[in-house]
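Residue strings, one per chain:
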Amino acid sequence: MGQMSEIFWFEQSGVPLLLLLQCLPLFGALIVFAFKERPTAVIAGKVFAFAEFLLSIVAVSRMQPLKPALQLAERFEPLAYHVAVDGLSLVFLLVTTLLTFLMTLYGMSRGMISPGRLFAVQLVAEAGLVGMLLTVNLAWFAGFSALELWAVFYLLRRWASSRAELQALARFIQYQAFGWVLFAVGCIVLGWGHADALGGHWSFDLFDLLDAPPVGKFQTAAFYLLFYGLAVRTPLFPLHGWLPNMAQHGLIAVAPALMVGVKVGIYGMVRFILPLTPGAVQYWQPYVVGFAMAGIFFTAALAFQQTNLRRLLAFAVVSHTSLLVIGVFSLHEAGIQGAVLLAANFGLAATGMWFIVGFVFRRTGTTELHELSGLFERIPFLAIAFLGFGLAIVGMPGTPGFDAAHLILEAAIDKFGALSTVAAALGNVAAAGFLLWAFQRAFLSQGKAGGLDVEHTLPMEYVVCGIALLAMLAIGFFTEPWLHLTETASQSAAARFTR
């Protein structure tokens, strides 16, 4: 073992906490599925989702953020099982477990058909997401990614009821399967490069690959494959074609798995691409940032042209993904830290907006903007929550996005100069414009919905959106602990590029 492994193993765990985090959702899924559609299935789904959230808090409490090593490590050689966490992965972990729990409450508020089966598959999706966030083995990451994508596919296919939904599902499968295959081949290339360097010994473990990094053709090919594989998932312009149709016609119940799942692509870039292909990253950095800059404005322009609220939110996700990629590929500790915090903020805020869109659709039967108007009078709390989530996405003070966006812009001006930074900031202003425009059209203007007898906000809707909103505001006003949690890990990720 080299120096990286020695630092890592200094943090070896005596209690398999991370194994419990991975197994609890799968065990819960089996229990919930066994109960089928009895009331106990619903209760069990909520209990297991909440228990997973509490377990993630325990993991954070055991973290020592000032130490650069990955911590709470667990390893089982026969299966190449190798997991560990740092501050970056724990941020995503908390968001994943919280949103999955909120999704179980959301399902009840909508009175969905077959909630037992729905909750079981959501727990499987959570297990896939948690596995991706904990593993330090590329092959396991690809396996957990396949598990999470299967769960999303099952949810979309099981409840698809129209031709448009099936077409959106087909587009989703085409893109995601292609992206997954690219990533899997990239894993093979890295393993091949490791074997070529060490006389035939294959390994997909992050620390083995760091001890004997691939060079030349292996590193360049691996960068292409891994980056584009994750760019499809993220999704990064121009590989975003699957998201708008899926957002418009897909099931809202996949929102947590989808919104966190796409941002796990950013995590995968930080965890694997930056450390394993540093030479290729530095060479292609200007091109990646250039595409991201173009993506901010192109997708913002498309967002202004949308007449459907779901599609507009999808383009908002793509536009802001470009800002995240700029942060990561600034190769600056502030940029990486800001990108991770902003990705977590987007996951929370975008899922909250998707929840509200689902509540609105249940009342009106539409998400077309010209038919959604005057809703503020009937559902003021949901309207205010929608506005709060939208402001969080554009980085208003008091939300987690403010400090995160500031860190990204700070890194951008240091690495790329004033012109690129101003362009990124203007893209964020455009995002504020189309989100506020959507709020005005859907909730404030007078039209068809204003004359309908729209049901008032239900108690469970207050709970779901209230928890998400309070969590977001609490993080926004008390950002220091999150900055403390991610600072050292961000410095470690950027250190390779500052030598």
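Refer to the preceding data block for the structure.
Okay, so let's go over this structure. (Residues numbered from 1 in each chain as written. Predicted model: local features only at pLDDT ≥ 70, side-chain atom pairs only at ≥ 80, totals over all residues. Heavy atoms only, no water.)

Okay, the side chain of Ser322 next. Counting through the fold element by element, Ser322 comes out in helix H13 (residues 309-328). For Ser322, a relative accessible area of 0% translates into the label buried. The residues contacting Ser322, other than those within four sequence positions of it, are Leu236, Ala292, Gly295 and Ile296. (Helix = DSSP H or I, 4+ residues; strand = E, 2+ residues; numbered from the N terminus. Buried < 20%, exposed > 50% of the residue type's maximum accessible area, 1.4 Å probe, protein only. Contact = heavy atoms within 4.5 Å.)

Side chains of Glu333, Glu410, Asp414, Glu480 and Glu487 sit close together on the surface and give a patch of like negative charge. Residue position: Glu480 is located in helix H19 (residues 480-495). (Patch = residues over 30% accessible without salt bridge, like charges linked within 9 Å, V, L, I, M, F, W, Y side chains within 5 Å. Areas by Shrake-Rupley, 256 points an atom, 1.4 Å probe, with all protein chains shown as cover. Salt bridge = Lys/Arg side-chain N within 4 Å of Asp/Glu carboxyl O. Lys, Arg positive; Asp, Glu negative; His and termini not counted. Charge placed at Lys NZ, Arg CZ, Asp CG, Glu CD.)

Turning our eyes to something else, we now look at the environment of Trp202. Among the secondary structure elements, Trp202 is positioned in the loop between helix H7 (163-197) and helix H8 (206-211). With relative accessibility at 44%, the residue Trp202 sits in the partly exposed group. With near-sequence residues (within four places) excluded, Trp202 lies in contact with Ile188, Gly191, Trp192, His194 and Ala195.

With that out of the way, let us pick up the packing of aromatic side chains. Throughout the structure, instances matching the rule amount to 20 aromatic pairs. Ring geometry for Tyr81 versus Trp140: centroids 5.9 Å apart, planes at 75 degrees, classification edge-to-face. Here Tyr81, found in strand E2 (residues 81-85), pairs with Trp140, found in helix H6 (residues 138-158); they are 59 residues apart in sequence, far enough to count as distant. On the accessibility criterion, Trp140 (28% relative accessible area) is partly exposed. (Phe/Tyr/Trp six-rings, centres within 6.5 Å; stacked < 30°, edge-to-face > 60°.)

We now examine the nonpolar core. Within the largest apolar cluster, 167 residues are counted, with the highest numbers of intra-cluster contacts made by Phe227, Phe329, Ile356, Phe386, Phe389, Leu435 and Phe443. Ranked by residue count, the leading element in this core is helix H14 (residues 333-364), at 18 residues. Residues within four places of Phe443 in sequence aside, it is in contact with Ile356, Val360, Gly374, Leu375, Phe376, Ile379, Ala383 and Phe386. (Core = buried A, V, L, I, M, F, W, Y, C linked by side-chain atoms within 4.5 Å.)

Evaluation of the coordinates by the stated rule reveals eight cavities of 30 Å³ or more. Roughly 90 Å³ of internal volume is contained in the largest cavity. Phe141, Ser145, Leu149, Tyr175, Gln176, Gly179, Trp180, Phe183, Gly229, Leu230, Val232 and Arg233 are the residues that line the largest cavity. At the level of elements, H6, H7 and helix H9 (217-233) are the ones that each hand at least two residues to the lining of the largest cavity. Class assignment of the residues belonging to the lining of the largest cavity gives a composition of seven nonpolar, four polar and one charged. (1 Å grid on protein atoms, 1.4 Å probe; cavity = no way out; pocket = protein on both sides within 12 Å on 5 of 7 lines; lining within 4 Å. Points joined across faces, edges and corners; volume = space filled by probe spheres on them. Nonpolar A, V, L, I, M, F, W, Y, C, P; charged D, E, K, R; others polar.)

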